[in-house]
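# Descriptive structure summary
Here's the letter readout for the chains.
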Amino acid sequence: WMDTKSPPEPHLFEMKELEAFDIDYEWQFKIAELLYQNINTPKIKKVNSWADYFTHVMSSVNNKSGSFVELGFGEGVSANLIVDLMNLGLLDKRDIWLYDSFEGFPQPTEEDRRHPSYNRNAKKGEWKVPIGPALEIKDKISTNVQVIKGFVEDTLPHSYHGGDIAILHIDLDLYSAYKTTLNSLYSKVIKGGVILFDEYKSPTQYKNFPGASIAVD
């Protein structure tokens, strides 16, 4: 996309299933710096990384108003990287809303097992993470940052007061959480805004978390 005058028309994007997921965070931040230094240089090559992916997709809403809302903070890899890209000037700074139960998965439903090759066996309480790293985001960027604790089935839609949404990033794995989020927040996404699904129909994610794709469909 660097060789074109503008990125493709945005609306719904699927998160790449990256082999680089386990690459350390410092390496990803160096990629962000490289992109920043070479943003107008046609010789730059695409890098198969989260930094490249987020810059490619989210820059399409630069100069458009609206919040960044992430549901499924987890260990904070994507949120921290996106904040760094904002601080580097690659992405517009905007208000940030971060959601997570910080208690792990809710009880999976029948839809979360509806795949012929399903063997993931997601369990209630899996992926429990501390809230501290999410709260630390507030010290990393000079915008309003809200951290909402609880299952989205309980916290949405009444907890969100951020107005229009420019970027909606959903990484919730399970059917009920995805469906609740889309029912609650889809109408708040601006025209031309970006919705990113972490688990939508890539071969591995569809087998492990089929409920997410069922909810999106």
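Residues numbered from 1 in each chain as written. Predicted model: local features only at pLDDT ≥ 70, side-chain atom pairs only at ≥ 80, totals over all residues. Heavy atoms only, no water.

## What about the pattern of salt bridges?
For clarity, the cut-off: Here a salt bridge means any side-chain nitrogen of Lys or Arg lying within 4 Å of a carboxyl oxygen belonging to Asp or Glu. Every helix listed is a DSSP run of H or I at least four residues long, and every strand listed is a run of E at least two residues long, numbered separately from the N terminus. Partly exposed residues are those whose accessible area sits between 20% and 50% of the maximum for their type, while under 20% is buried and over 50% is exposed, using a 1.4 Å probe and protein chains only.
In the structure shown here, the tally under the stated rule is seven salt bridges. The residue glutamate 103 makes a salt bridge to lysine 128 at a minimum N-O spacing of 3.5 Å. In this pair, glutamate 103 sits in the loop between strand E3 (96-100) and helix H4 (132-136) while lysine 128 sits in the loop between E3 and H4, placing the two residues 25 residues apart along the sequence. Given a relative accessible area of 36%, glutamate 103 falls into the partly exposed group. Counted as one network, the salt bridges with shared partners bring together Glu103, Lys128 and Lys149.

## Overview of helix H2 (residues 50-58)
Of all the nine residues making up H2, nine are buried; the element is thus mostly covered by neighbouring parts of the structure. Regarding H2, the residues found buried are Trp50, Ala51, Asp52, Tyr53, Phe54, Thr55, His56, Val57 and Met58.

## Focus on the packing of aromatic side chains
The cut-off we apply is this: Only centres within 6.5 Å qualify two rings of Phe, Tyr or Trp (six-membered ring in Trp) as a pair; their planes then separate them into stacked at under 30 degrees, edge-to-face at over 60, and tilted for everything else.
Evaluation of the coordinates by the stated rule reveals six aromatic pairs. Ring centres of phenylalanine 197 and tyrosine 200 lie 5.9 Å apart, and the angle between their planes is 45°; on these two criteria the pair is classed as tilted. The exposure class of phenylalanine 197 is buried, given its relative accessible area of 5%. In this structure an aromatic cluster arises from ring pairing among Trp50, Tyr53 and Phe54.

## Things to note about the environment of valine 83
What counts here: Contacts are assigned to residue pairs that have any heavy atoms within 4.5 Å of one another.
The topology assignment puts valine 83 in helix H3 (residues 77-88). When the C-alpha positions of valine 83 and lysine 93 are compared, they lie 8.0 Å apart, and in sequence the two are 10 residues distant. Excluding residues within four positions of it along the chain, valine 83 makes contact with Ile96, Ile137, Lys140 and Ile141.

## With respect to helix H6 (residues 175-185)
In terms of burial, H6 is a largely internal element, eight of the 11 residues being buried. Listed in full, the buried residues belonging to H6 are Tyr175, Ala177, Tyr178, Thr180, Thr181, Leu182, Ser184 and Leu185. On the buried face of H6, the contacting elements are strand E2 (67-71), helix H5 (152-155), strand E5 (165-170), strand E6 (189-197) and helix H8 (210-216).

## Here's the deal with the nonpolar core
Put simply, the test is: Throughout this description, the term nonpolar core refers to a set of buried Ala, Val, Leu, Ile, Met, Phe, Trp, Tyr and Cys residues connected via side-chain atoms within 4.5 Å.
Counting residues in hydrophobic clusters, the biggest one holds 31 residues, and the most contacted among them are Phe54, Met58, Ile96, Leu98 and Leu196. Excluding residues within four positions of it along the chain, leucine 98 makes contact with Glu70, Phe73, Ala79, Ala134, Ile137, Val145, Gln146, Val147 and Ile148. In this structure, Trp97, Tyr99, Leu156 and Ile195 belong to the second largest nonpolar core, which totals 22 residues.

## Description of the confidence of the model for the protein chain
Defined as follows: pLDDT expresses, on a scale from 0 to 100, how confident the predictor is about each individual residue.
Residues with a pLDDT of 70 or more make up 78% of the protein chain, whose mean pLDDT is 83. Here residues 1-36 scores under 50 on pLDDT; set against residues more than four positions off or in separate chains, the count is 81 contacts. pLDDT under 50 marks residues 38-45. Its contacts with residues more than four places away, or in other chains, come to seven contacts.

## Looking at unusual backbone geometry
Look at the link from leucine 156 to proline 157: it is a cis peptide, with omega at 0°. Note that proline 157 resides in the loop between H5 and E5. In this model, lysine 201 sits at a positive phi of 60°, which is unusual for a non-glycine residue. Counting through the fold element by element, lysine 201 comes out in the loop between E6 and helix H7 (203-208).

## Remarks on the pairing of E2
Put simply, the rule reads: In this description, strands pair whenever DSSP reports at least two bridges between them.
Judged by how many residues are buried, E2 sits mostly within the fold: five of five residues are covered. Alternating positions in E2 separate into two faces, Ser67, Val69 and Leu71 on one and Phe68 and Glu70 on the other, with burial throughout. Two elements, E2 and E5, share five bridges in a ladder whose sense is parallel. Bridge pairing links leucine 71 to isoleucine 170 in E5.

## A look at the packing of H2 against H3
Helix-helix packing: each pair is described by the crossing angle between the helix axes and the interaxial distance. The condition is simple: Between N-to-C directions, angles cover 0 to 180 degrees, with each direction set by a line fitted to C-alpha atoms, over the stretch in contact for helices. By the definition used in this description, the sense in which the near helix is turned from the far one sets the handedness, with an anticlockwise turn below a right angle giving left-handed and a clockwise turn giving right-handed. Under the scheme applied, nonpolar residues are Ala, Val, Leu, Ile, Met, Phe, Trp, Tyr, Cys and Pro; charged residues are Asp, Glu, Lys and Arg; polar residues are all the others, including Gly.
At their nearest, the axes of H2 and H3 sit 10 Å apart, and the two run at 60° to each other. The handedness of the crossing between H2 and H3 comes out as right-handed. From H2, Trp50, Ala51, Phe54, Thr55 and Met58 reach across to H3, where they touch Val77, Ser78, Leu81, Ile82 and Leu85. Looking at side-chain class alone, the contact of H2 with H3 contains eight nonpolar, two polar and no charged residues.

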